[in-house]
Every structure is written in C-alpha cells, then in structure tokens.
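# Breakdown of the fold
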Amino acid sequence: MVLNTLSQHTRGQFALLIDPDKNISNLTTLVKHAEEFGVDLILVGGSLVRGYMDETILLIKKKCSIPVVLFPGSVFQFSPHAHAILLLSLISGRNPEFLIGNHVIAAQAIRDSGMEVIPTGYMLIGSGEPTSVQYISNTMPIPRSKTDIAVATALAGEQLGLKVIYLEGGSGADEIVPPLLVQAVCSSVGVPVVVGGGIRSPGQVKALRHAGASMVVVGNAIESNPELFQKLVEASR
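Residues numbered from 1 in each chain as written. Predicted model: local features only at pLDDT ≥ 70, side-chain atom pairs only at ≥ 80, totals over all residues. Heavy atoms only, no water.

## What to know about the side chain of S89
Formally: Segments assigned H or I by DSSP are reported as helices when at least four residues long, segments assigned E as strands when at least two residues long, and all are numbered from the N terminus. Partly exposed describes any residue whose relative accessible area lies between the buried limit of under 20% and the exposed limit of over 50%, with all areas from a 1.4 Å probe on protein chains only and scaled to the type maximum. The contact criterion used throughout is that any non-hydrogen atoms of two residues lie within 4.5 Å.
Relative to the helices and strands, S89 resides in strand 4 (residues 84-90). Judged by its relative accessible area of 12%, S89 is buried. Each residue touching S89, except ones within four places of it in the same chain, is listed here: F98, L99, H103, T120, G121 and Y122.

## Details of the sheet that holds strand 8 (residues 215-218)
Put simply, the rule reads: Any two strands between which DSSP finds at least two bridges are classified as paired. The axes used here are C-alpha line fits, helices contributing only the stretch in contact, and every angle between their N-to-C directions lies in the interval 0 to 180 degrees.
Taken in spatial order, the 8 strands of this closed barrel run 1-2-3-4-5-6-7-8, and their pairing is parallel. Strand-to-strand twist of the sheet, defined as the mean angle between neighbouring strand axes without regard to direction, takes the value 30°. Two strands pair when backbone bridges link them, and strand 5 (residues 116-124) and strand 6 (residues 164-168) are joined in this way by 5 bridges, in the parallel orientation. From the neighbouring strand, Y122 faces strand 6, where its bridge partner is Y166. Sitting on the sheet, helix 8 (residues 179-188) touches strand 6 and strand 7 (193-196), and the angle it makes with strand 6 is about 170°.

## A word on the pattern of salt bridges
Our working definition: For salt bridges, the criterion is a side-chain nitrogen of Lys or Arg within 4 Å of an Asp or Glu carboxyl oxygen.
The full count for this structure, using the stated rule, is 4 salt bridges. Measuring nitrogen to oxygen at the nearest pair gives 3.8 Å for the salt bridge that ties R144 to E175. With R144 in the loop between helix 6 (132-137) and helix 7 (147-159) and E175 in the loop between strand 6 and helix 8, this pair connects stretches of sequence that are 31 residues apart. A residue is classified by how much of its surface remains accessible, and E175, at 37% relative accessible area, is partly exposed.

## A few points about the packing of helix 7 against helix 8
The line we're drawing: Should the near helix be turned anticlockwise from the far one by less than a right angle, the crossing is termed left-handed; should it be turned clockwise, right-handed. All residues other than Ala, Val, Leu, Ile, Met, Phe, Trp, Tyr, Cys, Pro, Asp, Glu, Lys and Arg, Gly among them, are scored as polar; the first ten of these are nonpolar and the last four charged.
Contact geometry for helix 7 and helix 8: axes closest at 9 Å, N-to-C directions at 35°. The two elements helix 7 and helix 8 cross, and the hand of that crossing is right-handed. Between helix 7 and helix 8, the residues in contact are T147, A150, V151, A154, L155 and E158 and L181, A184, V185 and S188, respectively. Tallied by class, the residues present in the contact of helix 7 with helix 8 amount to 7 nonpolar, 2 polar and 1 charged.

## Considerations on the pairing of strand 5
What counts, and what does not: Crossovers are marked right-handed if the path from the first strand over the helix to the second runs clockwise, as seen with the strands pointing away from the viewer.
Here strand 5 lies mainly inside the structure; 7 of its 9 residues are buried. Relative to strand 5, strand 4 runs parallel, the two being bridged by 7 bridges. By the bridge assignment for strand 5, L87 is matched with P119. For the segment spanning strand 4, helix 5 (residues 96-113) and strand 5, crossover handedness is right-handed.

## Some words on the side chain of T139
Applicable threshold: Pairs of N or O atoms within 3.5 Å make up the polar contacts considered here, provided that, within protein, one atom can donate a hydrogen while the other can accept it, and that residues adjacent in sequence are counted only when both atoms are side-chain atoms.
Note on placement: T139 falls in the loop between helix 6 and helix 7. Using a relative accessible area of 6% as the deciding quantity, one classes T139 as buried. For T139, the side chain forms a polar contact with the side chain of S137, separated by 2.8 Å. The contacts of T139, once residues within four sequence positions are left out, are L90, G93, R94, N95, L124 and Q134.

## Quick look at the nonpolar core
The condition is simple: Side-chain atoms within 4.5 Å are what join buried Ala, Val, Leu, Ile, Met, Phe, Trp, Tyr and Cys residues into a set we call a nonpolar core.
Grouped together as the largest cluster of nonpolar side chains are 57 residues, with contacts concentrated most on I60, M123, I165, L167, V182, V185 and F229. Sequence-distant contacts of F229, defined by excluding residues within four places in its chain, comprise F14, L16, L30, H33, A34, F37, V39 and I222.

## What about the packing of aromatic side chains?
Basically, it comes down to this: Centres within 6.5 Å are what make two rings of Phe, Tyr or Trp a pair, Trp counting through its six-membered ring; a difference in plane orientation under 30 degrees is then read as stacked, over 60 as edge-to-face, and the rest as tilted.
Under the counting rule described, the total for this entry stands at 5 aromatic pairs. When the centroid spacing of 5.9 Å and the interplanar angle of 80° are considered together, the rings of F71 and Y122 count as edge-to-face. Of this pair, F71 sits in the loop between strand 3 (68-70) and strand 4 while Y122 sits in strand 5, and the two are 51 residues apart along the sequence. Three or more aromatic residues link up through ring pairs in this structure, and these residues are F14, F37 and F229.

## Some thoughts on empty space enclosed by the protein
Worth spelling out the cut-off: Residues are called lining when one of their atoms sits within 4 Å of a cavity or pocket point, these points coming from a 1 Å grid over the protein atoms alone, where a cavity is a set in which a 1.4 Å probe fits but cannot get out and a pocket is an open set with protein on both sides within 12 Å along at least five of seven lines. Grid points are joined across faces, edges and corners, and a volume is the space filled by probe spheres set on the points.
Under the defined criterion, the tally for this structure stands at 1 cavity of 30 Å³ or more. What the largest cavity holds in volume is close to 40 Å³. L6, L41, L43, L86, Y166, V194 and M215 are the residues that line the largest cavity. Class assignment of the residues belonging to the lining of the largest cavity gives a composition of 7 nonpolar, no polar and no charged.

As structure tokens, this is what we get:
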C-alpha cells in the first residue's frame, strides 16, 4: 500500500512529480532514472494538465515497477490506471471546490477504479512570488512566518481524519517550505508529512528530512539533470 510507504520511518522517502504536459517527451528517460536511483513513488499531475494522463500513467507502469499516484490539480486529472490517489483537500484555503466540490464529482469514478485512496490535507505555504497553485485554486497561502497557523491547520486536518499532510511551496517556488515550519508541523501531528515545491539542492532535501518530513517531492529541478536527480534521492535517505 502507498500509505504504508509514506508511513515508513526506517528511511526517508522520495517522490518524483511528473506533469504530463511538460514531461511527455522525455518520460521514458525520467522513469528509467527513477527506477535506477530508487525513487519510492511517482506522482502524476499539475496545475494545467490538458491531457495525456492515461497515456502517461500507462507508459510509466510499462517502463518501471514504481507505484504511480495521482496528484490531481482538478477533477479533470483523473485516470483509473493509477495505483493510488492523493485525494487532496486544500485545508489552507476556503475555496469549497477544493475542499469538497471536486471530490463529490469524482467520487464514483474513484470508487469504481478500485485504486487506493489516501485522504490528504493539502496546505499551501507562502514561498515568495504567487504560484500557479495559488492562482488556480483562488486561495491565499499560509504566510511562511505563521508557524502557529500552519500547525493548527495541520492538526485540524488530522482530527478530521486525513491520513497525510502535504506542505506545498508551489511548483518552481522561489523558496522551499521553511524547515522550522516543517519541524513544528511534524512535531504536532502523528500522520506522515510530505513536502514539495522549490526543492533544488541536496542540502534543501536534507534540511527538510532533518525537520521530520516523511517524504520530499521534486519535479522541475530534475527534468534534464540526472546527476542532480540521483544526489537529491540520496540526500533523502
């Protein structure tokens, strides 16, 4: 089960984020490196995915044995071919479509697919310039200096029964989620904490892991840099 992977405490976990709109041309190479370097999960999704979800997931499954997990930016980013879905509830915002609306629309299709469902509290953390996630979701991020608000939000998500907390700086963010904020959240909840957005160096990965993150997620930084890809995975252990 994917949730079991996220919950492992023996070593850090690493996920590769693939946006079908951006990565379709070099997908085979990315997946080959992911298997070679020991990536734990492959997340598929993005802010503006227009197509290729089914084709991307089927190709990934053909080329490697890594579990493929939907990371949907909207209800349109669903494919029954994935192994699991991070069912994201944007608990840092107040847009009902991203709290429950999209979930209602997709509920029957998700159930019929038989895939593993992982209820996930998705929290957008301020990271400098406005990000695509902020614009598309029409929500404000939690200010990166407001650790108390982040902790209270994560606690509320856990108390509502969410199984994972995902702290997001945004794709290509200027800054990563502050390690001190990550540490405060990890110390306050008993569920796995995943961190993504703006991660570009092994030092950043190590800082987030030392702060308690169960898994780090990287996408943009490794699209054309296999040497960095390997170093980032190694830094997560």
